[in-house]
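Residue strings, one per chain:
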Amino acid sequence: MDAPETLMLAALGGALVGLLLTLFGGGGSVLATPWLIYVVGVADTHLAIGTSAAAVAVNAAVGLTAQARAGTVKWPCASVFAVAGLAGAMIGAEVGKQTDGAALLNWFALAMIAIAVSMMIPRRSEGDPAVHLSPAMVPKLALAGLGAGLAAGFFGIGGGFLIAPGLMAATGMTIANAAASSLVSVTLFGGATSASYALSSSVDWALFGALVAGGALGTVAAMPMVRWLASRAGVARRLFALMIMAVAGAILIG
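Residues numbered from 1 in each chain as written. Predicted model: local features only at pLDDT ≥ 70, side-chain atom pairs only at ≥ 80, totals over all residues. Heavy atoms only, no water.

**A short note on the overall build of the protein chain**
A tally of helices and strands in the protein chain yields ten helices and zero strands. Reading the protein chain from its N end, one meets helices and strands in the order α-α-α-α-α-α-α-α-α-α. In terms of overall dimensions, the protein chain is globule-like: its C-alpha atoms have a radius of gyration of 17 Å, near the 18 Å expected for 254 residues. Principal axes of the C-alpha set define a box for the protein chain whose edges measure 50 × 40 × 35 Å. Taken over 254 residues, the protein chain has a buried fraction of 49%. (Helix = DSSP H or I, 4+ residues; strand = E, 2+ residues; numbered from the N terminus. Rg over C-alpha atoms; globule rule 2.2 N^0.38 Å. Buried < 20%, exposed > 50% of the residue type's maximum accessible area, 1.4 Å probe, protein only.)

Shown next as structure tokens:
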């Protein structure tokens, strides 16, 4: 059984992830695995990835519920992307479990750098808010979903930094719709990845509970800051991206 101080550290990490996800809309969940390894002290890389993937799935499901009530989810487009990506996530998770822990952690660090770079790219808000699924969109969505799912499953991350741009490129929807619709895939990918790891006994359920509880508190704490940050979002996102790069660099050096 995990010691109380270990669970407290995991909850603190969950709060940080929840705070960052709420403020920046993506990228925060990639910090969960390094936090579990380097702060909480989880020695098994695969256990850390499986546990963080389970927490990401729950947090995404909560966010999806709120977005669905707001009517911002483009369900037909999101469903095609998610179903194709689900197969990719299951394959990616199996490959990840067979990959040496040290090598997997280095690949994870490279993925963190890619996420940080993507966060620095200015986001356009244009798009069609009334977009509907068409036959021509299906193969584009399926291909993009498969690729995003493979990455999400292999690294045990939500993959939102790939999903939202993929949805926008394949359909022309707005960034707001893409961010909301991406949560369908994040929930499924995280669920599939964590289920695969759970079958291999690579999920610590006590740490998972602490991450989820901390994430909820982090989300609540972030809400008053969202409006204040609105006019400073660009600078804040770049600073956050630099922080992710620094963590990735420490992993690669260490």
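**Overview of helix 5 (residues 101-120)**
Here helix 5 is 20 residues long and its end C-alpha atoms lie 29 Å apart, about the 28 Å a rise of 1.5 Å per residue gives. For helix 5, every residue scored as buried is listed here: G101, L104, L105, F108, A109, A111, M112, I115, A116 and M119. The arc that holds the buried residues of helix 5, viewed along the axis, is 165°, so those residues lie on one side. The backbone nitrogen of A102 lies 3.1 Å from a side-chain oxygen of the residue at the head of helix 5, namely D100. (Expected span 1.5 Å × (residues − 1). Arc of directions from axis to C-beta. Polar contact = N/O pair within 3.5 Å; in protein donor to acceptor, adjacent residues only side chain to side chain.)

**Quick look at empty space enclosed by the protein**
Summed over the entire model, instances satisfying the criterion amount to one cavity of 30 Å³ or more. G14, V17, A32, A55, V56, N59 and L211 are the residues that line the largest cavity. For the lining of the largest cavity, the element with the most residues is helix 3 (residues 45-70), which contributes three residues. Split into classes, the residues belonging to the lining of the largest cavity amount to five nonpolar, two polar and no charged. (1 Å grid on protein atoms, 1.4 Å probe; cavity = no way out; pocket = protein on both sides within 12 Å on 5 of 7 lines; lining within 4 Å. Points joined across faces, edges and corners; volume = space filled by probe spheres on them. Nonpolar A, V, L, I, M, F, W, Y, C, P; charged D, E, K, R; others polar.)

**Focus: the environment of T219**
Within the secondary structure, T219 sits in helix 9 (residues 205-229). Separated by 23 residues in the primary sequence, T219 and S196 have C-alpha atoms spaced 27 Å apart.

**A short note on the packing of helix 2 (residues 32-40) against helix 3**
At their nearest, the axes of helix 2 and helix 3 sit 8 Å apart, and the two run at 135° to each other. By the angle class used here, helix 2 and helix 3 are oblique. In this structure, the crossing between helix 2 and helix 3 has a hand that is right-handed. On the side of helix 2, the interface is formed by A32, T33, L36 and I37, while helix 3 contributes T45, A48, I49, T51 and S52. (Axes fitted to C-alpha atoms, helices over the stretch in contact; angles between N-to-C directions. Parallel < 35°, antiparallel > 145°, perpendicular 65-115°, else oblique. Left-handed = near helix turned anticlockwise from the far one by under 90°. Contact = heavy atoms within 4.5 Å.)

**Details of the nonpolar core**
One finds V30, M112 and I244 to be the most contacted residues of the largest nonpolar core, which totals 40 residues. Mapped onto this core, the elements with two or more residues apiece are helix 1 (4-24), helix 2, helix 3, helix 5, helix 6 (137-155), helix 9 and helix 10 (233-253). The biggest single contributor to this core is helix 5, with nine residues. Counting 27 residues, the second largest nonpolar core, distinct from the first, contains A60, A82, A89 and M173. (Core = buried A, V, L, I, M, F, W, Y, C linked by side-chain atoms within 4.5 Å.)

**Topic: the packing of aromatic side chains**
Summed over the entire model, instances satisfying the criterion amount to three aromatic pairs. Considering the side-chain rings of F108 and F155, the 6.3 Å spacing of their centres and the 70° angle between planes classify their relative orientation as edge-to-face. Placement of the pair is F108 in helix 5 and F155 in helix 6, with a sequence separation of 47 residues. F155 carries the same exposure label as F108, and that label is buried. When the centroid spacing of 5.3 Å and the interplanar angle of 85° are considered together, the rings of W205 and F208 count as edge-to-face. Of this pair, W205 and F208 both sit in helix 9, three residues apart, which is roughly one turn of the helix. Its relative accessible area of 51% is what places W205 among the exposed residues. Overall, F208 belongs to the buried group, its relative accessible area being 17%. (Phe/Tyr/Trp six-rings, centres within 6.5 Å; stacked < 30°, edge-to-face > 60°.)

**What about the packing of helix 4 (residues 75-98) against helix 6?**
Where helix 4 contacts helix 6, the two axes come as close as 6 Å, and the packing angle between them is 30°. Note on packing geometry: the crossing formed by helix 4 with helix 6 is right-handed. On the side of helix 4, the interface is formed by C77, V80, F81, A84, G85, G88, A89, I91, G92, A93, V95 and G96, while helix 6 contributes M137, V138, L141, A142, A144, G145, L146, A148, G149, L150, G153 and F154. Class assignment of the residues belonging to the contact of helix 4 with helix 6 gives a composition of 17 nonpolar, seven polar and no charged.

**As for the pattern of salt bridges**
As enumerated under the stated definition, the model contains one salt bridge in all. Across the pair K97 and E94 runs a salt bridge whose closest N-O atoms are separated by 3.1 Å. Here K97 pairs with E94, and both are found in helix 4, just three residues apart, close to one helical turn. In this structure E94 comes out as partly exposed when scored by relative accessible area, which is 38%. (Salt bridge = Lys/Arg side-chain N within 4 Å of Asp/Glu carboxyl O.)

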